[in-house]
Every structure is written in structure tokens, then in C-alpha cells.
Amino acid sequence: MTTGLEHGAGSSAPRSEDVARLAGVSRKTVSRVLNNEPHVSEKSRGRVLAAAEELGYRLNHAARALASGRTRSIGVVALGTAGYGTASLLVGIEQAVRDAGYALRVVNTPDGDPQGIAGALQSLLEQGVDGIVVSVPIVEGEVPLGVDVPVLFVGAPPAFSAARTLTVGVGARQLARAATEHLLDLGHTTVHHLAGPRRWYATKDRIEGWQAALAARGAHEPPLLNGDWSAASGYAAGRALASDSAVTAVFVAGDEMAIGLIHGLREAGCRVPEDVSVVGFDGNPVFAYVSPPLTTVRQPFEAASREGIRLLLHAIERPDTELPPANDPPVELIVRGSTAPPAAR
């Protein structure tokens with residue numbers, strides 16, 4: 001497409017009317033296309049996008065914020081940890097937000113911070129975000145703060161009042177149940193469980209899924225063990241379980257703990273999976289390359305992130321309409337070499 005418009009080094013930046021003139025449409029159509037609004041034909045949309053790209057046009061976000069009353073930014077309150085699950089969820093949120101044409105602002109809340117969620121929320125509200133995602137999977141108690149923008153809670157119940165609250169999960173109960181059922185299907189009479197820290201909502205969800213699977217099969221529920229998500233806590237649990245000949249299968253609430261547990265079992269003389277089968281939780285792809293490769297359930301971080309942001313953007317952009325129905329996250333069991341039918345120990 002040739003323009004007939006010159007924007008050399010000394011000229012001003014292209015404007016929306018330049019895009020409209022080149023595309024042969026009105027300025028209103030240009031505005032609708034660049035703001036991802038409906039009621040624009042695909043032909044017109046294509047012409048506007050092609051013209052904007054040719055001219056090097058960039059939407060003036062500051063002007064748009066003044067005109068619409070929105071900053072087109074999403075705030076995220078996240079737990080300050082480099083864990084695989086937390087990091088993967090944040091990456092998925094960032095991609096979904098960016099694809100929607102919004103900016104992302106992240107505030108971390110270190111575990112044990114007395115200000116915690118309340119301080120992070122206040123910081124984001126002062127930045128004028130249009131909506132907030134709370135991805136803090138630990139029990140902080142009630143937050144004494146009201147929020148005047150929509151809030152999406154990921155994997156945890158609402159902890160404060162907001163203009164509109166939404167929740168989305170990764171299907172942790174269903175994943176935990178699938179992991180436990182896999183071991184029962186192999187012929188193990190029961191399944192032990194190494195859970196996460198008690199303060200985490202994720203710990204509760206995974207325990208409930210494990211319990212539900214055992215109850216549905218009429219299997220005995222063994223005493224619960226708790227770790228702290230680290231491989232070291234899994235190692236300690238493995239050493240403890242190795243001395244109990246009744247243990248033939250363990251569902252572990254996190255992949256890193258599962259790897260530590262396998263190391264502890266093998267160091268104490270138990271073979272995996274010949275003596276004890278182990279299933280992890282998260283789906284960290286690194287653990288496909290350990291020995292034995294870890295059977296696990298994969299958390300649908302990307303799908304949950306996109307679903308949550310889809311609902312949050314609906315609440316921001318169409319505040320007077322009902323939310324669309326939520327899609328259930330997928331359940332994916334990845335069977336590898338750490339599980340097998342039971343053998344006499």
C-alpha cells in the first residue's frame with residue numbers, strides 16, 4: 001500500500017486521521033478497531049490495521065485513558081516466590097493481558113509480610129489499574145479493605161469486598177483425584193499423601209481430592225504428612241515412609257517434593273516404582289528427565305490464566321452485563337516411569 005503521506009525524520013508522528021485517510025474509513029472506525037471494539041467489518045478492520053502498521057502508528061494510551069476513564073492496565077498481587085507453579089501462572093496472566101492490549105503491573109507479597117495483600121492492593125489502586133488479579137495462595141485472613149474495581153481471585157476464595165469479584169481455579173481437586181485414582185487403578189490398596197504447608201489453599205484442595213478418591217473406592221485413608229514444597233521436605237518424608245512396609249503408593253502435592261521423596265526412598269533401600277509408586281503434582285517438564293521420570297498431573301496454568309483474564313476484562317469493559325459461563329480447566333495425567341502395579345515388599 002502506498003500512502004502519499006510523508007513522515008520523515010523531521011515530521012510529526014502519524015495521527016489517527018492519517019490512518020483513517022489511508023484506510024479510507026472514518027476516524028471513529030479507526031478508534032473502534034484500535035480499541036478492539038465490536039461492530040466493525042473484518043474488511044475495514046484489516047484495512048485499518050494495515051494502514052496503522054505502514055504508518056508506524058501507535059495508539060496514544062495516555063489520551064485514551066483520559067477519554068475513557070480507564071488506564072487499560074491490570075494489577076496483579078502475587079506471592080513473592082520463584083516456585084514453578086507461581087511463576088508459570090504469572091507468565092500465563094502476563095501473556096493473556098498483553099494479548100488483550102492491556103498493560104500489567106505486578107506487586108509481590110512476601111510470605112509473612114504483615115502488610116501483605118492490603119499493602120499490595122493499595123499500591124495498585126494508587127496506580128489507577130482497571131482491574132486486579134489476586135494470585136496469593138496462602139491463608140491471610142480477612143483483608144480490611146474495599147476495592148472499587150473488579151477483582152479476580154485465582155485458586156482462593158474472596159478475602160475482601162470489591163466492585164465485582166470473580167474466581168477461577170486450576171481444578172486442583174480434580175487433578176488430585178485423578179492422581180490418586182491412577183494409583184488405585186494400578187492395584188494399590190490405598191495411597192499415602194504428602195501434602196503442602198497447611199496455610200496454603202492449594203494444600204486443602206489437593207487433600208480434598210485425595211480423600212474423595214479414596215472414599216469413592218472404599219480405601220483406607222492413611223495418616224497425612226505435610227511438607228513445605230521443597231525437595232528437602234520430600235526427602236525427609238521419603239526416609240520416614242521407607243520404614244513402613246505397608247506403603248506402596250504416594251501422591252505428592254508438588255513435583256519438587258516428589259523428587260525429594262523418591263531420593264529419600266531410594267537412599268533407604270526402596271525401589272521406585274518396584275516397591276513404591278510416586279505421583280507428583282504441577283507438570284514441571286524438567287522432571288520428565290529424572291530417573292525414574294516422574295508421573296504427575298499438569299496444572300493448566302495457561303488455560304486458567306486466559307479464562308480468568310477473559311472474565312475479568314468482561315467485568316471491566318461491560319460492567320452492567322452478566323458474566324459469560326466459565327469453562328472448566330482440563331485434567332491431564334502424565335504417566336511416566338515412577339508408577340507401576342504393587343509388588344510384595
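Preceding this section is the structure that the text describes.
So, how was this worked out
- Residues numbered from 1 in each chain as written.
- Predicted model: local features only at pLDDT ≥ 70, side-chain atom pairs only at ≥ 80, totals over all residues.
- Heavy atoms only, no water.
- Pairing = 2+ DSSP bridges.
- Helix = DSSP H or I, 4+ residues; strand = E, 2+ residues; numbered from the N terminus.
- Contact = heavy atoms within 4.5 Å.
- Axes fitted to C-alpha atoms, helices over the stretch in contact; angles between N-to-C directions.
- Expected span 1.5 Å × (residues − 1).
- Buried < 20%, exposed > 50% of the residue type's maximum accessible area, 1.4 Å probe, protein only.
- Arc of directions from axis to C-beta.

A. Representation of the sheet that holds strand S8 (residues 249-252) in the model. Read from one edge of the open sheet, six strands run S7-S6-S8-S9-S10-S11, paired in mixed fashion. Two strands in the sheet have a free side with no partner beyond their single neighbour: strand S7 (225-226) and strand S11 (332-334). One ladder, built from two bridges, connects strand S6 (residues 192-195) with S7; its direction is parallel. Of the residues in S7, the one forming a bridge with Ala 195 is Asn 226. Relative to the sheet, helix H10 (residues 255-267) contacts S6, S8, strand S9 (277-282) and strand S10 (295-298), its axis offset from that of S9 by approximately 160°.

B. Inspection of helix H5 (residues 84-99) at higher detail. With 16 residues, H5 should reach 22 Å at 1.5 Å per residue; the first-to-last C-alpha distance of 23 Å fits that figure. Buried within H5 we find Gly 85, Thr 86, Ser 88, Leu 89, Gly 92, Ile 93, Ala 96 and Val 97. Along the long axis of H5, the arc covered by the buried residues comes to 165°, so they all point the same way. Backbone geometry just after H5 places Gly 101 at a positive phi near 85°.

C. Summary view of the side chain of Ser 73. With respect to the helices and strands, the residue Ser 73 is situated in strand S1 (residues 73-79). Looking at Ser 73, the relative accessible area reads 0%, which means it is buried. Those residues within four positions of Ser 73 in sequence are excluded, and the remaining contacts are Tyr 102, Ala 103, Arg 105, Gly 128, Val 129, Asp 130 and Gly 131.

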